[in-house]
Amino acid sequence: QPEFIGSYQRYINGYDTAIARISYRIKPKSPGYSAAFDKFVKDKSDTELVNGQSLQSFLVTPIQRLPRYILLLRDAIEIEIEIELCHRSFELRART
């Protein structure tokens, strides 16, 4: 677990820098423009495997996914609590 958290934290911390570096290399008017890298990125985003998604969209996925799972788990816990309360209420009514 701790190794995953450390890796995830480093990924989040380096995300903005990675996106900036990619943008720097694929924007034709930037001084760091690389036609070869731009072509490579565009070619890969045109394949069936990625359905036209950009490299940037793939890089943001891990950042968006973990918080979604956390929210899903919170909702599941809240629903479980509500079900338990309803179940107890029904049991009390059945006893009276």
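Heads up: these notes are all about the structure in this document. (Residues numbered from 1 in each chain as written. Predicted model: local features only at pLDDT ≥ 70, side-chain atom pairs only at ≥ 80, totals over all residues. Heavy atoms only, no water.)

As for the overall build of the chain
Alright, step 1. When helices and strands are tallied, the chain shows three helices and zero strands.
Alright, step 2. Along its sequence from the N terminus, the chain presents helices and strands in the succession α-α-α.
Alright, step 3. For 96 residues, the compact-globule estimate of 2.2 N^0.38 gives 12 Å, and the C-alpha radius of gyration of the chain, at 23 Å, exceeds that figure by more than 25%.
Alright, step 4. The dimensions of the chain, computed from C-alpha atoms along their principal axes, are 80 × 30 × 20 Å.
Alright, step 5. Relative to its 96 residues, the chain shows a buried fraction of 17%.
Alright, step 6. Considering only intrachain contacts with a sequence separation of at least 6, the fraction spanning at least 24 residues in the chain is 49%.
Alright, step 7. Surface exposure of the chain reaches about 8200 Å², of which carbon and sulfur atoms provide 61%.
Alright, step 8. Averaging the positions of the 14 positive and the 12 negative side-chain charges in the chain gives two centres separated by 9 Å. (Helix = DSSP H or I, 4+ residues; strand = E, 2+ residues; numbered from the N terminus. Rg over C-alpha atoms; globule rule 2.2 N^0.38 Å. Buried < 20%, exposed > 50% of the residue type's maximum accessible area, 1.4 Å probe, protein only. Contact = heavy atoms within 4.5 Å. Areas by Shrake-Rupley, 256 points an atom, 1.4 Å probe, with all protein chains shown as cover. Lys, Arg positive; Asp, Glu negative; His and termini not counted. Charge placed at Lys NZ, Arg CZ, Asp CG, Glu CD.)

Description of helix α3 (residues 55–95)
Alright, step 1. Between its terminal C-alpha atoms α3 stretches 61 Å, which fits the 60 Å expected from 41 residues at 1.5 Å a residue.
Alright, step 2. Largest kink in α3: about 35°, centred on Thr 61, with the proline Pro 62 one to four residues after it.
Alright, step 3. Those residues of α3 lying buried are Gln 56, Leu 59, Val 60 and Thr 61.
Alright, step 4. Residues of α3 that are buried make contact with α1 (2–26). (Expected span 1.5 Å × (residues − 1). Bend = angle between axes of the 7 residues up to and from the residue.)

A short note on α1
Alright, step 1. Spanning 25 residues, α1 covers 35 Å between terminal C-alpha atoms, matching the ideal 36 Å at 1.5 Å per step.
Alright, step 2. Of all the bends in α1, the largest measures some 45° and sits at Gly 14.
Alright, step 3. Taken residue by residue, α1 has Tyr 8, Tyr 15, Ile 19, Ile 22, Ser 23 and Ile 26 as its buried positions.
Alright, step 4. Where the residues of α1 are buried, they touch α2 (35–45) and α3.

Any link to function would need more than the numbers given here.
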